[in-house]
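Results of the structural survey
The lines below spell out each chain.
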There are 2 protein chains.
Amino acid sequence: MSQIPYKIYLTEEEMPKAWYNLRADMKNKPAPLLNPGTHEPMKAEELGGVFCEELVKQELDNTTPYFDIPEEILGFYKMYRPSPLVRAYCLEKKLGTPAKIYYKFEGNNTSGSHKLNSAIAQAYYAKKQGLKGVTTETGAGQWGTALSMACAYLGLDCKVYMVKVSYEQKPFRREVMRTYGASVTPSPSMETEVGKKILAEHPGTTGSLGCAISEAVEVATTTEGYRYVLGSVLNQVLLHQSIIGLETKAALDKYGVKPDIIIGCAGGGSNLGGLIAPFMGEKLRGEADYRIIAVEPASCPSLTRGKYAYDFCDTGMVCPLAKMYTLGSGFIPAPNHAGGLRYHGMSSVLSQLYDDGLMEATSVKQTDVFEAAETFARVEGILPAPESSHAIKVAIDEALKCKETGEEKTIVFGLTGTGYFDMVAYEKFHDGQMTDYIPTDEELQASFDKLPKMD
Amino acid sequence: MSQIPYKIYLTEEEMPKAWYNLRADMKNKPAPLLNPGTHEPMKAEELGGVFCEELVKQELDNTTPYFDIPEEILGFYKMYRPSPLVRAYCLEKKLGTPAKIYYKFEGNNTSGSHKLNSAIAQAYYAKKQGLKGVTTETGAGQWGTALSMACAYLGLDCKVYMVKVSYEQKPFRREVMRTYGASVTPSPSMETEVGKKILAEHPGTTGSLGCAISEAVEVATTTEGYRYVLGSVLNQVLLHQSIIGLETKAALDKYGVKPDIIIGCAGGGSNLGGLIAPFMGEKLRGEADYRIIAVEPASCPSLTRGKYAYDFCDTGMVCPLAKMYTLGSGFIPAPNHAGGLRYHGMSSVLSQLYDDGLMEATSVKQTDVFEAAETFARVEGILPAPESSHAIKVAIDEALKCKETGEEKTIVFGLTGTGYFDMVAYEKFHDGQMTDYIPTDEELQASFDKLPKMD
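What counts, and where the lines are drawn
Residues numbered from 1 in each chain as written. Chains lettered and ligands numbered in written order. Predicted model: local features only at pLDDT ≥ 70, side-chain atom pairs only at ≥ 80, totals over all residues. Heavy atoms only, no water. Salt bridge = Lys/Arg side-chain N within 4 Å of Asp/Glu carboxyl O. Helix = DSSP H or I, 4+ residues; strand = E, 2+ residues; numbered from the N terminus. Buried < 20%, exposed > 50% of the residue type's maximum accessible area, 1.4 Å probe, protein only. Contact = heavy atoms within 4.5 Å. Buried area = accessible area lost by both parts, 1.4 Å probe. Polar contact = N/O pair within 3.5 Å; in protein donor to acceptor, adjacent residues only side chain to side chain. Pairing = 2+ DSSP bridges. Axes fitted to C-alpha atoms, helices over the stretch in contact; angles between N-to-C directions. Disulfide = S-S within 2.5 Å. Right-handed = clockwise from strand over helix to strand, strands pointing away. Domains from an automatic or database assignment. Nonpolar A, V, L, I, M, F, W, Y, C, P; charged D, E, K, R; others polar.

Some words on the pattern of salt bridges
All chains considered together, the criterion is met by 51 salt bridges over all chains. Between Arg81(A) and Glu247(A) there is a salt bridge, with the nearest N and O atoms lying 2.9 Å from each other. Taken as a pair, Arg81(A) in the loop between α3 (71–80) and β4 (85–87) and Glu247(A) in helix α11 (residues 235–254) lie far apart in primary sequence, 166 residues in all. With a relative accessible area of 1%, Arg81(A) lands in the buried category. As a salt-bridge pair, Asp431(A) and Arg178(B) come within 2.7 Å of each other at their nearest N and O atoms. Of the two residues, Asp431(A) sits in the loop between α17 (423–430) and α18 (441–448) while Arg178(B) sits in helix α8 (residues 171–179), which places them in two different chains. In this structure Arg178(B) comes out as partly exposed when scored by relative accessible area, which is 29%.

Encoded structure:
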């Protein structure tokens, strides 16, 4: 029996004191955000109308490798961090694999996911700037919950636009957000111009992250003392989420463990970008090599079937243009229970790394994902979120390959959160009513045809 | 700033290797279970029809101070334990109190509570005895979930009778149990003789733990290869739950901290009995003194308004008689969202300790409890279960008293679980629709009048 404990916790002293900015080590920097009118790179003063000043600086900084984490945020982190790096002894035994499986579990806080890591940072800078409140969108509800928690802690107002399909499937999420004092509106709504427009064009739509972003941005930019904050995709979010990877690496280093494969689910990229940051940094600097795998749902496969192109971040086309792997900002994925992975595009940082061949991507079917989730839950005692279960599925597949080959690979994956608010989806799975949806090539092409024409 | 971290985790090596049997140190032992027909103490062979052999031994042993935890259970414990002992710095700051507040947080596992500590032990002994499965009741659903998890892990069949009011208010709990392969029936049901009888006498009843116990026991004793397991009240459960207190004490000792006040919510007594075990042991041996406070709901006040008498453990009167503080086994509390605290009686061990003046008890109103829960959630980042929030309420009250007097008391309370499946109750609270129910003296007297007549 190995000396490695089931759960590795860093001490408070060992916790990272600075976020790592992966962009500083990238040879090919992520493409800049463009002004949708002029197609010129967005300037800090333009972005300042949407985001807080300090966050704009973080967003645009491609060279500073480390940003000190402010003392107040470190204090908040200590409330729910460090998160455990778990050695999945029980899963290994169940699979009969020689592989060594670890997962970084980010679900032990009320938001139920890693989203709190960036929520507190963004709320902190908004507060520091003297703002009254923030607006945002939420898919599965984890980001909205996280932001509500951060805002309640700091005394900021919080307005959340929640993707309608999640709002309906996760009624209790709304109450958690209300417990933290947030207002929650199902999106698309009739409260905004862009919401009205989307509803007119797609009556009965179940919404998407892209729609909800448009609504939240509209409210932020038309209400005094408010700014918009986003839970994924942006460079600043990946910066804050680097805490996940930094802790993971510190925990592995403590026991002299070097991973072979690092796996994360990918919607907008916040979890994956954070988890892989320091490992990818080593890879970029030529200090180490790792297989890094992004896992996305077959129903919303931006990396594996998307185009690498400039596109709108939102359905309403009110946001800047970002270069990313995208299915087109008009793509509204079929109702898929992994609400947090229903985004049409992918972080510019991750898109560039993928395009440079520095990481792999794969897509998996929902029913396979839930089967993996159930296997995992029964042996590891944690009921995983559907999003996280995409990573579980691929981790299990890789571990089973090791069983065939006899290789003792070390696999690390991100377990971003818990599925306590996803029981409607689990119920469908148990009742055999869950279906898999895979968009057709024609459907994707029609969406690609609407990509903005660049000069 | 103190050197004590926000969260104290024991290492795996520091985790307790044996359960502590508080009864061994009690001068006045808890009264024995009696045969309901003869009123003679129940013999091991009689109890063996209901419980596993090994658990019967643990139930009846009032002298052995420590029971080694089997290796397989220790392994399972390592999957989700040690649980953190949290220093509530943020709550202290919010309250402006000089008191030092700690809470032992048992909610970081999918059952959402401390119940898993005894579930795995009971399932393990059932498996070891070669049984096919177990039956049980569940109130809030936490015990049922815990048992489902333990049974899934060991490959045992699991039949759960769930108090109807919780079954209806917590539909998602059922799906969690199904994820772990359990069958779940709302109680009272038409599946058992006792269920039919209760429904005939109380049509439209929302059920109680007492009813559900009767049904589960009936099924266990009439089905080949099955035994009944119980999540609270019993001596064996308090023994297993001593892991909570042992870890708490080890964590405090590590930093040289001695508590002044120890607070726990009390339904059947599993959490409170486990949390206080080693502290009460010191008190019984004259080695230390602590104020120990049991907190119960005003709607179901067995310690503060009950009688200390022999009573049935269940509504259907199929179980042995236990001497305990009781509201009468016929008492069906008003629908109360703290489902886990809706039991008419209290552990015989705790009842004896209370009767001997070794601990205090207090009852609190539900609306006050939810107010405390929300205060706690906003600063400590954990959405507490309504049950646990009873302890939070009294911990806050004690901390505020310290603010008045300037005393720097050290308060430790048990945070037994999370409230993710209690959002219906939180919603009622937010909407101002939550009411407080306090039984009248006449109502209680009518219930006391039906207590079994002893010779």
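Resuming the write-up.
Description of the interface of chain A and chain B
On the side of chain B, 42 residues touch chain A, which itself brings 42 residues to the contact. A buried area of about 4,000 Å², summed over both sides, lies between chain A and chain B, and 59% of it is on carbon and sulfur atoms. Applying the counting criterion to the chain A and chain B interface returns four salt bridges. The partner of Arg174(B) in a salt bridge is Glu427(A), with the nearest N and O atoms 3.3 Å apart. Put simply, chain A and chain B have 22 residue pairs in polar contact (both at pLDDT 80 or more) between them.

Describing the sheet that holds β4(A)
All names here are of chain A. In space, the seven strands of this open sheet follow the order β1-β4-β5-β15-β10-β11-β14, with mixed pairing throughout. Two strands in the sheet have a free side with no partner beyond their single neighbour: β1 (7–8) and β14 (360–364). In the sheet, β4 pairs with strand β5 (residues 100–105) via three bridges, with the strands oriented antiparallel. The partner of Val86 across the bridge, within β5, is Tyr103. Most of the contacts of α11 go to β5, to which it runs at about 140°, and overall it touches β1, β4, β5 and β15 (410–415).

Remarks on the state of the cysteines
Residues and elements named next belong to chain B. Taken as a whole, this structure holds zero disulfides over all chains when the rule is applied. A disulfide-free cysteine, Cys151 has its sulfur positioned 4.1 Å from the sulfur of Cys158, the nearest such atom. Residue Cys151 is classed as buried on the basis of its relative accessible area, which comes to 1%.

Some remarks on the environment of Gly112(B)
Residues and elements named next belong to chain B. Relative to the assigned elements, Gly112 resides in the loop between β5 (100–105) and α5 (116–128). On the accessibility criterion, Gly112 (5% relative accessible area) is buried. For the pair Gly112 and Lys43, spaced 69 residues apart in the sequence, the C-alpha separation amounts to 35 Å. Excluding its chain neighbours within four sequence positions, the residues that come into contact with Gly112 are Glu106, Gly107, Gln142, Thr416, Gly417 and Thr418.

Considerations on the environment of Pro297(B)
Residues and elements named next belong to chain B. Its place among the elements puts Pro297 in strand β11 (residues 291–297). By relative accessible area, Pro297 is classed as buried at 2%. Along the backbone, Pro297 and Cys265 are 32 residues apart, and their C-alpha atoms lie at a distance of 8.6 Å.

What about the pairing of strand β10 (residues 261–265) of chain B?
All names here are of chain B. The element β10 is largely enclosed, with a buried count of five among its five residues. Across five bridges, β10 lies against β11 in parallel orientation. Opposite Gly264, over in β11, you have Ala294 as the bridge partner. Tracing the backbone out of β10, into helix α12 (residues 270–284) and back to the parallel element β11 gives a crossover that is right-handed. Pairing of β10 with strand β15 (residues 410–415), which is carried by three bridges, proceeds in the parallel orientation. Within β15, the residue paired with Ile261 across the bridge is Ile411.

A closer look at the sheet that holds β10(B)
All names here are of chain B. In spatial order, the strands read β1-β4-β5-β15-β10-β11-β14; together these seven strands make up an open sheet with mixed pairing. The open sheet is flanked by β1 (7–8) and β14 (360–364), the only strands paired with a single partner. Contacts from α12 reach β5, β10, β11 and β15, with the element oriented near 160° to β10.

A look at the domain arrangement of chain A
Residues and elements named next belong to chain A. What the domain assignment reports for chain A is domain 1 (8–14 + 80–112 + 235–448) and domain 2 (20–68 + 115–228). When each unit is reduced to the centre of its C-alpha atoms, the spacing between domain 1 and domain 2 is 21 Å. Tallying the contact residues gives 56 residues for domain 1 and 55 residues for domain 2. For the domain 1 and domain 2 pair, buried surface summed over both sides reaches about 4,700 Å², with 61% attributable to carbon and sulfur atoms. On the domain 1 side of the interface with domain 2, the three residues burying the most area are Ser111, Gln236 and Phe421, jointly 15% of the side's total. Arg285 is paired through a salt bridge with Asp25; the nearest N and O atoms lie 2.9 Å apart. Taken together, domain 1 and domain 2 are joined by 17 residue pairs in polar contact (both at pLDDT 80 or more). Elements with a contribution of two residues or more to the side of domain 1 that touches domain 2: α11, α12 (270–284), β12 (307–312), β13 (321–326) and α14 (348–355). Tallying contributions element by element places α11 first for the side of domain 1 that touches domain 2, with ten residues. For the side of domain 1 that touches domain 2, the class distribution of residues is 28 nonpolar, 19 polar and nine charged.

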